[in-house]
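# Understanding the architecture of this molecule
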Amino acid sequence: MVVQKEPSTYEKQLVALGRTLQTLREEESADVLIETTLNYLHTEFEYALVWIGLYDRVEHRLLGKGGMMSAGDPAFLKQRFVLKPGDLLEQVVIQQRLLGVPDLREEPRAGEWRRMSQKLNIQGTIIFPIRHKDRCFGVAMLGSHLWGVSPHSEEKARLSMLLGGLAAALYQIDIDWQRQRTKRPAEPLLALLSKLRSLPTLESRLEAITEETHRFIGADRTNIYWFEPQRRYFWRRFGKRVGVGTAEGSPLSSGITVQEVNSFYQALAADQLVSIGEAHSSLKAEMTGRLMQVIQARSLLAAPILFQDELLGFVAAEGNEARIWSEEEKSYIRGAAQLIALTAPLEEMETIVQQVKLDQALTSEISHAIMGDDDWNKALKQCAEQVCRRLQAERFLVLLYDKDQENFEICYQSQPPGRRVLSQPLHTLNDVDRQMLERSTEAVGIENLEDDLKLMAWRDVFLELGFQSLLVCSTAMGRPLEGLLVIGHESTRTWNRSEREIIGTVSQQIGLILHQWQLQRQVEQQQKLYQSIQWGLTTMQQAHQLDQLEQAAMHHIVQILQVPMTALITWQPGRKAAHISASVVNNSSFSLSTDIAIPVYTDLLLQWALQSDGLLPMTADDLSPETRQWFSGPGVGRILVMALRTSPEHEPTGVVIVADHRERHWSERQLNVLGMLLSQLAWSRRYLMLTEILIGQREDLTRLNWYKHRRLEEMYRILRIGVRRLNELSQQKDALSSMRYQQILRQLGSSMSAMTPLLRNEQWKLHTDYETIPLASLLKRALERVDSLMKQRQIWLQVHNEESLSIGGDIPKVEFVIYELMLAACLRSPPNSRLDIWCRALDGRWLELSLTDHGVIEPRMLEELHLGRLEDLLAPSTLDHPPGLHLAICQSLMQQLGGEFNLYKLEDDRILSRLMLPIASGTQVTRTRLQDDGVSGFFQT
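In this text the structure is predicted, and so the values were computed from the model without any measurement.

Reading the values: the criteria
Residues numbered from 1 in each chain as written. Predicted model: local features only at pLDDT ≥ 70, side-chain atom pairs only at ≥ 80, totals over all residues. Heavy atoms only, no water. Helix = DSSP H or I, 4+ residues; strand = E, 2+ residues; numbered from the N terminus. Buried < 20%, exposed > 50% of the residue type's maximum accessible area, 1.4 Å probe, protein only. Contact = heavy atoms within 4.5 Å. Areas by Shrake-Rupley, 256 points an atom, 1.4 Å probe, with all protein chains shown as cover. Lys, Arg positive; Asp, Glu negative; His and termini not counted. Salt bridge = Lys/Arg side-chain N within 4 Å of Asp/Glu carboxyl O. Pairing = 2+ DSSP bridges. Phe/Tyr/Trp six-rings, centres within 6.5 Å; stacked < 30°, edge-to-face > 60°. Patch = residues over 30% accessible without salt bridge, like charges linked within 9 Å, V, L, I, M, F, W, Y side chains within 5 Å. Axes fitted to C-alpha atoms, helices over the stretch in contact; angles between N-to-C directions. Core = buried A, V, L, I, M, F, W, Y, C linked by side-chain atoms within 4.5 Å. Polar contact = N/O pair within 3.5 Å; in protein donor to acceptor, adjacent residues only side chain to side chain. Parallel < 35°, antiparallel > 145°, perpendicular 65-115°, else oblique. Left-handed = near helix turned anticlockwise from the far one by under 90°. Nonpolar A, V, L, I, M, F, W, Y, C, P; charged D, E, K, R; others polar. pLDDT = per-residue confidence, 0-100.

## Some thoughts on the overall build of the chain
Across its full length, the chain carries 25 helices and 38 strands. The burial tally for the chain puts 47% of its 941 residues in the buried class. Within the chain, counting contacts between residues at least 6 apart in sequence, those at least 24 apart form 63% of the total. Counting every atom, the chain has about 49,500 Å² of accessible surface; 50% of that belongs to carbon and sulfur.

Next comes the structure, spelled out in structure tokens:
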């Protein structure tokens, strides 16, 4: 027999907690939940004060739900406690965190609980938040007679589980209450939808929808108004009042005319819900008052009945008193209106089918008339008669859009006898109307021309002709305007969907006539312009010189536009004077003076072009006397000018002028092509100008970097030699050593002084000076720099035909060029080879200095040094890196200094470096050996 062990205290606590939590999960009454929680707290915990308060979010207060305390009035535990900023209870509610108070009697933020704790001697207090999913439902307060009492971790865990279960139960009760309180429009609508399937007539369906809507919304009156499009008014088709049965067939005596409530009608036609209630209206105040006066109500909720974008009527919930309409009520009444929209067409289906058949027959007859008759006017006449008879309209207009003139020509018009005809072309439409007609997939209806904002440019013209309502449709829907079909009526009316559809079909058939003869002409013009554009853009893109580009662009403009004159006026940025850089004049009646400087800031023609954003058309009468000094001629009539502008941030540096006779008219297509070419010309000119500038800057900086680097190398060599000699002299103390020490210091100081012009004058660009130096000294100084390299590679050197003369120019740069050539020759020469230097005076001005070696050099580098690098700057080149880069620098530097450098490969495979150096003025050329200057004729290392 197994002896039952007595449960421990911990086990008993767990059992009690489990039972309580199960009760909290199963119970649905908030009072029972709180009572269960309080009983557990009183039984399981030894606290002198136990209290629970629920949080009221609206009033921001705690409602006492009871508790236990050792003494005092129990009614205190049922009080309402208003939460104030800074209170302990508000802190727990907002932060939703446990809060412990060592002594509640001394806590100034406790409020009324402080006074109660002083009476009951409550000291250590713990306040728990009752929270679930970040929502606080209240607090639980546990107080003790001991100071600073704090629950153990096991007690905290039990309290957390208990109060968490209470909060979860309260959360579920709140959710259930919200669900019961909220109206659900979906359920009655679904039930109504099932009911409508069994009702045979539209009247019975409308009665059922009215009954259910009246029951759900609970308004004083629920009505269904129907719209009469021909006479443009609403009449009450069905309605129900509070306490009154359904009133069938009881329309208003006069109805609600659209003219009285136009804004209300526009809102319904745009599928907008109209809500008018307490201190709120979706309409303007003036229209709200007028509408409410007509329907005799103080609140209104109206939903449009729309089928295929046609307004059939509206459902209205009307109240005698002001009220606020809920979102559920708005959703329901919109759903009810949509149910009516779905069921209403069923009654008229046979009539609609019959009308569709008649419309198909009508469009078929029109199509046969258009395609089978060569007489265009006769075909359009038959079309006009049938369409006007079908739509009961009086006016029929076919308009053709002329892009060049930017207006609409009258191709055909039909009107009753005695009516005025449209005699002048119509002006172009504004952008909004143009885009509306192009993008619309059906005919655009205008019910009242005086009130509608569409076709504002034609309103006065149509009103003078007697038009009141219109149907307008593009003959090429979805594409740029080619023509328009206009149907006019002499009284206001609404155009239904079938009428708009038939006009859309007829307009497309008429568009075939308008489109056919235009198409071939446009294709020919576009093909010609396309070829011209392609040829011109290709020509400009292949031009790599600025003058070639400008002249080619001017010739191309003359060919495309067929004009007798075009000119390009350019100037450098920041300059005040411009000049004609390229021009083409094919007619003696047009004159240009290319040798006159044009003032940029005072010439009106240039200023007008610079201030315009694109092509600016002008006439010869607009030219100022200053402009006529360089641009004139009896044939000048019409002028086009445009500034070459690549971006609003870029400064324009040119203006193109195109001139022709006075009777010339340029089409929009030609102007677009010209604008495209000039834009390409502007970018091409900017590209070439920037390329030339950047290439020049790069070459200058490359030469400067090379020169400074060689000077630094030379300075380093001199300093290294000087430091070495000073170290040797530091070990000697005799007088000779002191003199040599001073001499070395002077040499170093002289070298330092030689660097001053470099630092002062050649920071970002080479500076040219003129000096003279004996040729022997120049060669000697160059040979000193390559001395170590020649010794290292065992290279033999011999100087031939030495001349006793002086060289004039920028000697330091010439010296480093000679050094660079010797260095390159030594590096490419094989060991134990031979270098020869040849000096020969060509005349009294030039000396030829040649250096031959037996090295190997890349043939491509020789070619690029002679012909220049490739025009494609992105292609790899041997001149992008040493030794080709250094040789190219020497070549460009010698050209800048007025000399010449070339590199050749001789027939015996030797490499010849040839320099042309200027002889100093006043020097007498005599042939002698260079041994007097310290350079032997045959130098061996």
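Still more ground to cover, so stick around.
## Digging into the side chain of E155
Tracing the chain through its elements places E155 in helix α5 (residues 153–181). Among buried Asp, Glu, Lys and Arg side chains, E155 stands out as unpaired, with R158 the closest opposite charge at 4.9 Å. Once residues lying within four places of it in the same chain are set aside, the contact partners of E155 are F45 and Y47.

## A word on the sheet that holds strand β18 (residues 444–446)
Pairing is antiparallel across the open sheet formed by six strands, whose spatial order is β17-β16-β15-β20-β19-β18. If you trace the sheet from one side to the other, it starts and ends with β17 (426–427) and β18, each paired once. As judged from the three bridges shared by β18 and strand β19 (residues 469–474), these two strands associate in the antiparallel manner. Its bridge partner lying in β19, I446 is registered against L470.

## As for the packing of aromatic side chains
To describe a pair of aromatic rings, you give the distance between the ring centres and the angle between the ring planes. For the structure shown, the criterion picks out 22 aromatic pairs. Between F76 and W113 the ring centres are 4.9 Å apart and the planes differ by 80°, which places this aromatic pair in the edge-to-face class. Taken together, the residues span a long stretch of sequence, with F76 in the loop between β2 (61–69) and β3 (80–82) and W113 in helix α4 (residues 112–120) at a distance of 37 residues. Under the relative-accessibility criterion, F76 is labelled buried at 9%. Exposure remark for W113: the relative accessible area of 3% places this residue in the buried category. Consider the rings of F227 and Y265, whose centres lie 5.6 Å apart with planes at 35°: the pair is tilted. Within this pair, whereas F227 is found in strand β7 (residues 221–228), its partner Y265 is found in helix α8 (residues 262–269), the two being separated by 38 residues in sequence. The pair F227 / Y265 is uniform in exposure class, with both members buried.

## Focus on a nonpolar patch on the surface
Together, L690, I693 and L694 line one region of the surface with nonpolar side chains, adding up to about 270 Å² of accessible area. I693 gets classed as partly exposed once you look at its relative accessible area, which sits at 46%.

## Brief notes about the sheet that holds β2
What the six strands build is an open sheet, ordered β3-β2-β1-β6-β5-β4; its pairing is antiparallel. Every interior strand has two partners, whereas the edge strands, β3 and β4 (99–101), have only one. Taking each pair of neighbouring strands and ignoring which way they run, the sheet shows an average axis angle of 25°. Pairing between strand β1 (residues 49–56) and strand β6 (residues 135–143): six bridges, direction antiparallel. Residue G53 lies in a different strand from β6, and its bridge partner there is V139. Sitting on the sheet, helix α2 (residues 30–44) is in contact with β1, β2 and β6, with an inclination near 45° to β2.

## Describing the nonpolar core
By size, the foremost hydrophobic cluster in this structure holds 57 residues, and its most contacted members are I807, I818, M822 and L915. For this core, the leading source of residues is helix α23 (residues 811–828), giving twelve residues. Setting aside residues up to four positions removed in sequence, M822 forms contacts with L779, A782, L783, V786, I837 and L851. Judged by nonpolar contacts, the second largest core, of 31 residues, contains L529, I533, L546 and L561.

## Brief notes about the pattern of salt bridges
In this structure the tally under the stated criterion is 39 salt bridges. Note that E490 and R419 form a salt bridge whose closest N and O atoms lie 2.8 Å from each other. Here E490 is found in the loop between β20 (483–489) and α15 (497–542), whereas its partner R419 is found in the loop between β16 (407–414) and β17, with 71 residues between them in sequence. By relative accessible area, E490 is classed as partly exposed at 28%.

## What about the side chain of T125?
Turning to its location among the elements, T125 is positioned in strand β5 (residues 125–132). Within the local environment of T125, its side chain forms a polar contact with the backbone oxygen of Q123, the two atoms lying 3.1 Å apart. Non-local contacts of T125, meaning those with residues more than four positions away in its chain, are made with L99, G100, V101, L104, M141, L142 and G143.

## Details of the pairing of strand β15 (residues 395–402)
Across the eight residues of β15, eight count as buried, placing the element largely inside the fold. Of the two faces of β15, both are covered, the one formed by R395, L397, L399 and Y401 as well as the one formed by F396, V398, L400 and D402. Of the pairings in the sheet, the one linking β15 to β20 comprises six bridges and is antiparallel in character. Across the sheet, residue L400 finds its bridge partner in β20, namely G483. Pairing analysis gives seven bridges linking β15 to β16, with the strands arranged antiparallel. Along β16, the bridge assignment pairs L400 with E409.

## A look at the environment of A643
Following the sequence through the fold, A643 ends up in strand β27 (residues 638–643). In this structure the C-alpha to C-alpha distance between A643 and S679, which are 36 residues apart in sequence, comes to 9.3 Å.

## Notes on the packing of helix α22 (residues 775–793) against α23
Two numbers describe how α22 lies on α23: the axes approach to 9 Å, and their chain directions differ by 25°. As far as their axial angle goes, α23 and α22 are roughly parallel. Of the two possible hands of crossing, α22 and α23 adopt the one that is right-handed. Of the residues in α23, those in contact with L778, L779, R781, A782, L783, R785, V786, L789, M790 and R793 of α22 are I811, V814, E815, F816, I818, Y819, M822, L823, C826 and L827. Here the contact of α22 with α23 is built from residues that sort into 16 nonpolar, no polar and four charged.

## Details of the confidence of the model for the chain
Taken over all residues, the pLDDT of the chain has a mean of 81, while the share at 70 or more is 89%. Segment residues 245–254: pLDDT under 50, and 18 contacts once partners within four positions in sequence are set aside and those in other chains are kept.

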